[in-house]
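Structural features, examined
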Amino acid sequence: MSRPVLPRSLAATPRLDRWVRFDDNLAVTVWSGKVEIGQGIATAIAQIAADELDVDIRRVSVVAGDTTQSPDEGYTSGSQSIESGGMAMRQACAEVRALFVAEAARRFEVSAAELRVRDGSIRVAGTDLSTSYWELAPQVDLARDASGAAQPKAAALHTVAGSSVQRRDLPAKLTGGAYVHDMSLPRMVHGRVLRPPSGGARLEALDTGTIRAMPGVVAVVLNGSFVGICAEREEQAVAALKAARAAASWRERGSLPQSTEVRDFLPAMRAERTVVGRIGDLPVAGAARRVAASYSKPYLAHASIGPSCALARTQDGHLTVWSHTQGPHHLRSQIARALALSPADVDVVHADGAGCYGHNGADDVALDAALLARACGRPVLMQWTREDELASSPYGSAMLVDISASLDGDGQVIGWAHEIWSYPHSSRPGSGEGVDLLAAWDIDPPFAPSKPKDVPLPHGGATRNAVPAYDFPAQEIACNLVRESPLRVSALRSLGAYANVFAIESFIDELAAAANEDPVAFRLKHLRDPRARAVIESAAKAAAWTQGRKGDGTRGRGIGFARYKDISAWCAVIAEVAVGAKLEVKRVIAAVDAGEAINPDALVNQVEGGIIQAISWTLKEQVLWDSTRVSARSWDSYPILRFDEVPEIEVTIVSRPDSPPLGVGECAAGPTAAALANALYDAMGVRVRDLPLTPERIARAME
Amino acid sequence: MTSAGMDADVTVRTLRVNGVDREVTAAPDTPLVYILRNDLGLKGTRFGCGEGQCGACTVILDGRAVPSCDLPLWSAEGHEITTVEGIGSEGGLHPVQQAFIDVQAAQCGYCCDGIVMAAVALLDRVPDPTDEAIVAALERHLCRCGAHTRILRAIRAAAVAMAKSAAP
Ligand code: FES
Ligand code: FES
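Residues numbered from 1 in each chain as written. Chains lettered and ligands numbered in written order. Predicted model: local features only at pLDDT ≥ 70, side-chain atom pairs only at ≥ 80, totals over all residues. Heavy atoms only, no water.

1. Thoughts on the overall build of chain A
A tally of helices and strands in chain A yields 18 helices and 26 strands. Relative to the globule expectation of 27 Å for 703 residues, the C-alpha radius of gyration of chain A, 27 Å, shows essentially globular dimensions. In terms of its C-alpha atoms, chain A occupies a principal-axis envelope of roughly 75 × 75 × 45 Å. Per element, the accessible surface of chain A, about 24,900 Å² overall, is 50% carbon and sulfur. Separation between the mean location of the 74 positive side-chain charges and that of the 83 negative ones in chain A comes to 1 Å. (Helix = DSSP H or I, 4+ residues; strand = E, 2+ residues; numbered from the N terminus. Rg over C-alpha atoms; globule rule 2.2 N^0.38 Å. Areas by Shrake-Rupley, 256 points an atom, 1.4 Å probe, with all protein chains shown as cover. Lys, Arg positive; Asp, Glu negative; His and termini not counted. Charge placed at Lys NZ, Arg CZ, Asp CG, Glu CD.)

In structure tokens:
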């Protein structure tokens, strides 16, 4: 008999006492490696544990992302918190429950089948005989590995998972301090860093003496091109930073592309081409027609509302960093390398931050804090500025996607080619051989970043969602990876899926229009997957989609669909727009199949948020630059969607309680982009293929 | 140690915050957000941009919602300041805070306290606002997580709840 396969994180940390503990006060502590980034994971993990252990959820506390205690679950990213972290917790709790039930069975000399667990008490059915987890805890040794033998409950038996339990972290967040930004330690000082004005700029001169003499300044840390300031009071740190910025002179590279139009500079750069998917042979024989189009998306900023922040303290040679990182264990080893410390002398403790949407400044600011704390010998609360967050965090990569299709005489697609140009999509710290933290490249001697590489399929970086969900008999998917990006790039929510789905779903619409077919009907004609068809059909039903109805010159509707990563949640989005001076989104309807929904309201919230963020990207956002510097430095130069631009949104869940749960944080991005572009076409008859869909681009397309 | 444009003269000022007089010692041009957070420990007033462009630092000043990041200490003296801590606590939530939790009108929540303050200021003035009035009151507030539709729903729910509890 083969050994049962454990969920990945549990296989990596199999000891059950690293996951669950019964505490004296009739409480349960569970440890998770998946951290809260505004997606509600702490609540969902508690729900899963409460269900599997059969304890009241109020007894469960979750400790997440603390390198002194929590299991290493890598990064909290890629919509994997539930799929991977949740399933590891479920299995760990099922094993723990089984051990306790077996112990109770031994004690009462009954079979396990006769025992019932309710809120932690274990009773022999139909008798008064009972014990509890807490009573048995001294006898049951959890210092043993998970075996994979215990079977988690059937979905129908879940009572907590599957219900919209209130988010546990919100009451604190809505009434006062709750984030790493709000922490404070005795003798703490406030830190700011003078970031180089452009990537790779070197400090030529700075008179630190005058800065050091400013009121409240405790230290000016000068190390290569890294300039940090510690001050007693925050406004003093801010003033010192301002003075340092005015006084510093830099040698800048001035090597940014002349044009900010993606199609002008990206395909002209040296690329490595890889074919990542092929079915049948291209070009196909017997094609009646061949059509092609090219789509692009600009660099996008994460643009977190709370600039990144970290708190660091050195004490007796030990460094502790509180951080809103997505990968505490990776960050620990990276900081240890940058500071030439042993990882055992560094701890990273997760503390909540503002939403990050991928690899933003969270990790970078943690090294800033550590450098300053070491230099000034006092705890440092290191706060990035708005400008740092917009101009110095990594961006989501620019991309270009060319698609061509061959159609037979009936308008059926018989051949499909998808060609991508992209920079890498992930340079997260710890993902390669280098040190991937901003300050590490500025200190003297500098550390080298990892060699840029992309995320391979099945998850994919540039290639994420490049393989169409449609049943095209012949297809070739290729990626031209340009390793060196003019601007720093890393993971932004959905990685390459946003551009690939935008391109595929725009092009499908173009084909439907050329064939004079309804966009929904045309998609269904090429799609066998029943779960794919179901989300498209439910979205169409919810939107009262009438076949063949056309836009009227100002109003229109469009659809976009994808199965995220081709292995995760299915999502269809329908947008209704009105076009006047600009494109206005009136209403968005989405249908999602994410398997078992652990917390349906949280799931809908994630999808709504994904849709609104994607509307913002699609209508307004692009990182621009002059020859030397990016211009995204404030909310003026990098505007995002505002309250008066947000449409009504309705999300329907296609319920599949017996299927494994799938993450939904990223599934709506690509479908939303395509739905908007398709709705614009429906309304006005113009096709805009280069994002964002600004009034200028719409006007240009109409010429 | 005088650098140009910098007022190093530290003064003692009295601020009236959440109904209590509080004495603070700082340079008079210190932005109120830092005083509230660091001197008075009122961390629900959040730093988002420091440039009056995001609303994360919003407090209520004499009944009006204003960003506290571009309000110097000297100009806040003599005014009635309310922060999110002044309207409710975990044990006794304000109806607007309660509605945000019930509706799950947040993802990361970082933008929310500023928005709650704008909503409270609005509902104090206009107990039954139209949707347009709510959106207008949130004109200077940004949310990156995309919690907007829920936030609007929470504010409408709070208005209803407050009307009910005010009814004789
Ligand atoms: S922090 Fe005050 S408006 Fe942004
Ligand atoms: S909830 Fe995260 S910014 Fe609004």
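2. Details of the domain arrangement of chain A
Residues and elements named next belong to chain A. Domains assigned within chain A are domain 1 (8–172), domain 2 (180–252 + 303–392) and domain 3 (399–425 + 460–702). Look at where the C-alpha atoms of domain 2 and domain 3 centre, and you get two points 37 Å apart. Overall, the association of domain 2 and domain 3 removes approximately 1,400 Å² of surface from exposure, summing both partners, and the carbon and sulfur fraction of that is 53%. Together, Tyr357, His359 and Leu390 form the three largest contributors to the area buried by domain 2 at its contact with domain 3, with a combined 38%. Our count for the domain 2 to domain 3 interface comes out at three salt bridges. A salt bridge links glutamate 387 to arginine 633; the shortest N-O distance between them is 2.7 Å. Across the domain 2-domain 3 interface, the total number found is eight residue pairs in polar contact (both at pLDDT 80 or more). Grouping the constituent residues of the side of domain 2 that touches domain 3 by class yields six nonpolar, five polar and four charged. (Domains from an automatic or database assignment. Buried area = accessible area lost by both parts, 1.4 Å probe. Salt bridge = Lys/Arg side-chain N within 4 Å of Asp/Glu carboxyl O. Polar contact = N/O pair within 3.5 Å; in protein donor to acceptor, adjacent residues only side chain to side chain. Nonpolar A, V, L, I, M, F, W, Y, C, P; charged D, E, K, R; others polar.)

3. Focus on the pattern of salt bridges
Any two side chains of opposite charge can pair, given that their charged atoms come close. All names here are of chain A. A full pass over the atoms with the stated rule returns 58 salt bridges over all chains. The shortest N-O distance in the salt bridge between glutamate 510 and arginine 687 comes to 3.8 Å. Taken together, the residues glutamate 510 in helix H13 (residues 497–514) and arginine 687 in the loop between helix H17 (669–684) and helix H18 (695–702) connect sequence positions 177 residues apart. In this structure, lysine 525 engages glutamate 517 in a salt bridge whose closest nitrogen and oxygen atoms are separated by 2.7 Å. Glutamate 517 gets classed as partly exposed once you look at its relative accessible area, which sits at 24%. Several salt bridges converge on common partners, so that one network encompasses Glu505, Asp509, Glu510, Arg523, Arg687 and Arg689. (Buried < 20%, exposed > 50% of the residue type's maximum accessible area, 1.4 Å probe, protein only.)

4. Some remarks on the nonpolar core
Membership of the largest hydrophobic core comes to 161 residues, with the highest contact counts inside it found for Tyr299 and Trp416 of chain A together with Phe100 and Ile151 of chain B. Core analysis: the second largest hydrophobic core is formed by 46 residues, Val28, Ile48, Leu53 and Trp134 of chain A among them. (Core = buried A, V, L, I, M, F, W, Y, C linked by side-chain atoms within 4.5 Å.)

5. Notes on the pairing of strand E15 (residues 309–315) of chain A
Within a regular beta strand, the side chains point alternately toward one face of the sheet and then the other, so they alternate between its two faces. All names here are of chain A. For E15 and strand E18 (residues 380–383), the ladder comprises four bridges, and the chain directions are antiparallel. Paired with leucine 311 across the two strands is leucine 381, which belongs to E18. Judged from the six bridges that link them, E15 and strand E16 (residues 318–323) form a sheet pairing that is antiparallel. Paired with leucine 311 across the two strands is tryptophan 322, which belongs to E16. (Pairing = 2+ DSSP bridges.)

6. Some thoughts on the interface of chain B and chain A
With 60 residues of chain B at the contact, the number on the chain A side is 64 residues. For the chain B and chain A pair, buried surface summed over both sides reaches about 5,000 Å², with 56% attributable to carbon and sulfur atoms. Looking only at chain B, the three residues that lose the most surface to chain A are Gln104, Gln107 and Arg144 of chain B, adding up to 18% of its buried area. Counting across the interface, chain B meets chain A through six salt bridges. (Contact = heavy atoms within 4.5 Å.)

7. Let's talk about the domain arrangement of chain B
All names here are of chain B. Domain boundaries assigned for chain B yield domain 1 (11–87) and domain 2 (95–166). Counting residues at the interface gives 17 residues for domain 1 and twelve residues for domain 2. Roughly 1,300 Å² is buried in total at the junction of domain 1 and domain 2, and carbon and sulfur atoms are behind 59% of that figure. Looking at the side of domain 1 facing domain 2, the largest losses of area belong to Arg46, Val84 and Ile87, adding up to 34% of the total buried there. Put simply, arginine 46 and aspartate 113 hold a salt bridge, and the shortest N to O gap is 3.0 Å. The tally of links from domain 1 across to domain 2 stands at four residue pairs in polar contact (both at pLDDT 80 or more). Secondary-structure elements contributing two or more residues to the side of domain 1 that touches domain 2 are strand E3 (58–61), strand E4 (64–67) and helix H3 (84–87).

8. Concerning the packing of helix H4 (residues 95–103) of chain B against helix H7 (residues 148–166) of chain B
Residue and element names in this part refer to chain B. Taken N-terminus to C-terminus, the directions of H4 and H7 make an angle of 130°; their axes are 8 Å apart at the nearest point. Comparing their axes, H7 and H4 come out oblique. In the crossing of H4 with H7, the sense of the turn from one axis to the other is right-handed. Mapping the contact onto sequence places Pro95, Val96, Ala99, Phe100 and Val103 in H4 and Arg150, Ile151, Arg153, Ala154, Ile155, Ala157, Ala158 and Met162 in H7. Residues belonging to the contact of H4 with H7 are distributed by class as follows: eleven nonpolar, no polar and two charged. (Axes fitted to C-alpha atoms, helices over the stretch in contact; angles between N-to-C directions. Parallel < 35°, antiparallel > 145°, perpendicular 65-115°, else oblique. Left-handed = near helix turned anticlockwise from the far one by under 90°.)

9. Thoughts on the side chain of aspartate 442 of chain A
Looking at where aspartate 442 of chain A falls in the secondary structure, it is placed in helix H12 (residues 438–442). Sequence-distant contacts of aspartate 442 of chain A, that is, excluding residues within four places in its chain, are made with Pro196, Arg202, Asn223, Gly224, Ser225 and Phe226 of chain A.

10. Describing the confidence of the model for chain B
Mean pLDDT over chain B stands at 94; residues scoring 70 or higher make up 95%. Below pLDDT 50 for its whole length, residues 1–7 of chain B participates in nine contacts with residues either more than four positions away or in separate chains. (pLDDT = per-residue confidence, 0-100.)

11. Considering H7 of chain B
The terminal C-alpha atoms of H7 of chain B, which comprises 19 residues, lie 27 Å apart, in line with the 27 Å expected from a rise of 1.5 Å per residue. Within H7 of chain B the residues assigned to the buried category are His148, Thr149, Arg150, Ile151, Leu152, Ala154, Ile155, Ala158, Ala159 and Met162 of chain B. Buried residues belonging to H7 of chain B abut helix H16 (600–620) and strand E26 (648–653) of chain A together with H4, helix H5 (112–125) and helix H6 (131–137) of chain B. (Expected span 1.5 Å × (residues − 1).)

12. Focus on the sheet that holds strand E4 (residues 115–118) of chain A
All names here are of chain A. With respect to topology, three strands assemble into an open sheet ordered E4-E5-E6, the strand pairing being antiparallel. Either end of the sheet is taken by a strand with one partner, and the two such strands are E4 and strand E6 (130–132). Along the sheet, successive strands turn relative to each other by an average axial angle of 25°, direction set aside. Looking at chain direction, strand E5 (residues 121–124) and E6 are connected through three bridges and run antiparallel. Its bridge partner being in E6, isoleucine 122 is matched across the sheet by threonine 131. Sitting on the sheet, helix H3 (residues 81–108) touches E4, E5 and E6, and the angle it makes with E4 is about 130°.

13. Brief notes about unusual backbone geometry
Residue and element names in this part refer to chain A. In the segment running from leucine 282 into proline 283, the intervening peptide bond is cis, with an omega of -10°. Note that proline 283 resides in the loop between strand E12 (272–279) and strand E13 (289–297). Cis peptide bonds are those with omega within 30 degrees of zero, and the linkage from leucine 457 to proline 458 qualifies with 15°. Position of proline 458 relative to the elements: it lies in the loop between H12 and strand E22 (474–481). A positive phi angle, close to 45°, is found at aspartate 119, a residue other than glycine.

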